[in-house]
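This is what each chain is made of:
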Amino acid sequence: MTEKQTVLVTGGSGFIGTNFVRLLVQSGEYRVVNLDALTYAANSLSLADLEGSPNYVFVKGNITDRELVSSLFAKYQPVGVFHLAAESHVDRSITNAEDFVQTNVIGTFTMLEAARVYWNNLPEDQKNTFRFLHVSTDEVFGSLGADGYFTEETAYAPNSPYSASKASSDHFVRAFHHTYGLPTVITNCSNNYGPYQFPEKLIPLMIMNALSGKLLPVYGDGSNVRDWLYVGDHCNAIKLAFEKGPPGEVYVVGGNNEQKNLNLVHQICSILDEVAPPDEIQQLRETGLKSYKDLIRFVTDRPGHDQRYAIDSAKIRRELGWQAEVGFEAGIRRTVDWYLSNPDWVDQVSSGAYGEWIKKNYAWRADAQQEAK
Ligand code: NAD
Ligand code: DAU
């Protein structure tokens, strides 16, 4: 049996991280050290089944803690880093940008500094194969008009505090490659969906609100477009970029699946009407609700709301042989089914600190936060 390679994953307890850590551990190729601060966006249930596995080590800690990060490099001697930890929600960045600067900018810088010192002291052959894979977003490119696609050549034009902090982190990663030679690879991905996504994001929010009879808040007129990619396909792309991407490369990754928000919400409601009709849900039976579509409400728009994102993934397909495997029709059904089949996970994320935060901070869509009566 070949010896497993150890990798350091940050943010492995979040949405994409949970799916990604599972992929790595199940591949049998890697031992994963997951460094995660367990913020509101993480859920301890998500990876509970991996606890005790010889190929999974969990470390609770902050990526801004230089001493801790350096000690993990020294202790575990990883062959590379998958850097996913971030504050990830645009709406929260509008209310509190500082956390985004701390984690996304200072945290990424701290990871890079610790990685650089560790990498500098590796033997030459290991220096060549080491990778720092930085997981970033298409939001760094700003907003598209009706036509065109983001590519690796698109100029940066971040519009929200979230995307500005991610753009800054991308620039530091690029600079550490060009200045110090650190073997970095950056991926900029479009909107992910699938199991374990926190319900502050559009798709799980709509599924969970609908099932508990709450209104479905669509920002503005619902015409904004996102390019949705199934999370498992994104995870495959990250793994490939780490294993095959030459140092200094950048890959944009998308689902080739543009959807207007309103259209997407309608599709979710149609699936729910079919698989969990309101008259079969105990708490909805007496409301007389016929279709989940009746819960849709247009609410005040997100400030600075980007109109359209869309990705041309030709480079990663051509150079690394990646392609999305899960079509939207199958992926969205699989996602709805996952939320219906995992009530414990859903209960855990709906209660506590996150619920309180929503009540206090979502002033611009307060009208949609009331229970549907
Ligand atoms: P998420 O918010 O679900 O998870 C983030 C994880 O990072 C959580 O487990 C959290 O506890 C951890 N974390 C946050 N701050 C930390 C800190 N200071 N120290 C250690 N851990 C910390 O995010 P996600 O949606 O899984 O996104 C993961 C990465 O992918 C992010 O870098 C994000 O910018 C990027 N990305 C996300 C999407 C998407 O659609 N979700 C698309 C493209 C890129
Ligand atoms: O494009 C990649 C990015 O996708 C990632 O970098 C981010 O981490 C991730 O959160 C996501 O950003 P968005 O802002 O696009 O995702 P969100 O799910 O918050 O919103 C998707 C769209 O739906 C957006 O146009 C805003 C709209 N929306 C969102 C919510 C939460 C609504 O209309 N109503 C809502 O309640």
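Everything numeric in this text was worked out from a predicted model, so none of it was measured.

Rules used in this analysis
Residues numbered from 1 in each chain as written. Chains lettered and ligands numbered in written order. Predicted model: local features only at pLDDT ≥ 70, side-chain atom pairs only at ≥ 80, totals over all residues. Heavy atoms only, no water. Helix = DSSP H or I, 4+ residues; strand = E, 2+ residues; numbered from the N terminus. Polar contact = N/O pair within 3.5 Å; in protein donor to acceptor, adjacent residues only side chain to side chain. Contact = heavy atoms within 4.5 Å. Buried < 20%, exposed > 50% of the residue type's maximum accessible area, 1.4 Å probe, protein only. Arc of directions from axis to C-beta. Expected span 1.5 Å × (residues − 1). Core = buried A, V, L, I, M, F, W, Y, C linked by side-chain atoms within 4.5 Å. Near = heavy atom within 4 Å. Areas by Shrake-Rupley, 256 points an atom, 1.4 Å probe, with all protein chains shown as cover. Nonpolar A, V, L, I, M, F, W, Y, C, P; charged D, E, K, R; others polar.

Caption draft 1: Representation of the side chain of His-83. Of note, His-83 is situated in strand β4 (residues 80-83). Polar contacts involving the side chain of His-83 include one to the side chain of Thr-10, which spans 2.8 Å. In this view, His-83 contacts Thr-10, Ile-63, Thr-108, Met-111, Phe-132, Leu-133, His-134 and Val-135; residues no more than four positions away in its chain are not counted.

Caption draft 2: Molecular detail of helix α12 (residues 343-350). All buried positions along α12 are accounted for by Trp-345, Val-346 and Val-349. End-on view of α12: buried residues confined to an arc of 100 degrees, all on one side of the axis. Residues of α12 that are exposed and angled more than 90 degrees away from the buried face: Asp-344 and Asp-347.

Caption draft 3: Highlighting helix α1 (residues 15-27). Helix length check: α1 (13 residues) gives 19 Å between terminal C-alpha atoms against 18 Å at 1.5 Å per residue, within 8%. Of the positions making up α1, those classed as buried are Phe-15, Ile-16, Gly-17, Thr-18, Asn-19, Phe-20, Val-21, Arg-22, Leu-24 and Val-25. Gly-28 sits one or two positions beyond α1 and adopts a positive phi of about 75 degrees.

Caption draft 4: Spotlight on the environment of Asn-96. Summarising the element assignment, Asn-96 is placed in the loop between α3 (90-95) and α4 (97-120). Take Asn-96: its relative accessible area is 32%, and that puts it in the partly exposed class. Sequence spacing of Asn-96 and Leu-144 is 48 residues, and the spatial spacing of their C-alpha atoms is 25 Å. At 2.9 Å, the side chain of Asn-96 and the side chain of Asp-99 are in polar contact.

Caption draft 5: Representation of the nonpolar core. With 70 residues, the main nonpolar core has Val-9, Phe-82 and Tyr-292 as its most contacted residues. With sequence-adjacent residues up to four places away left out, Tyr-292 is seen in contact with Ala-210, Leu-211, Leu-216, Cys-269, Leu-272, Asp-273, Ala-276, Pro-277, Pro-278, Ile-281 and Leu-284. Judged by nonpolar contacts, the second largest core, of 26 residues, contains Val-59, Leu-68, Tyr-76 and Met-111.

Caption draft 6: Structural context of the site of ligand 2. Near ligand 2 you find 24 residues, and of these Thr-137, Asp-138, Tyr-162, Arg-302 and His-305 are the closest. Contact between ligand 2 and Arg-302: an oxygen atom at 2.6 Å from a side-chain N or O atom of the residue. Taken by itself ligand 2 offers 690 Å² of open surface, and the protein chains cover 95% of this. For the shell around ligand 2, the secondary-structure elements that each account for two or more residues are α7 (202-211) and β8 (216-219). No other element matches β8, which puts 3 residues into the shell around ligand 2. Its residues assigned to classes, the shell around ligand 2 comprises 9 nonpolar, 8 polar and 7 charged.

Caption draft 7: Region of the structure containing the site of ligand 1. Close to ligand 1 lie 28 residues, the nearest being Ile-16, Asp-36, Ser-88, Tyr-162 and Lys-166. Contact with the protein chains removes 97% of the 840 Å² of surface that ligand 1 exposes when unbound. Of all the secondary-structure elements, those providing two or more residues to the shell around ligand 1 are α1, β5 (131-137) and α6 (161-180). Ranked by residues supplied to the shell around ligand 1, first place goes to β5 with 3 residues. Across the shell around ligand 1, the residue classes break down as 13 nonpolar, 13 polar and 2 charged.

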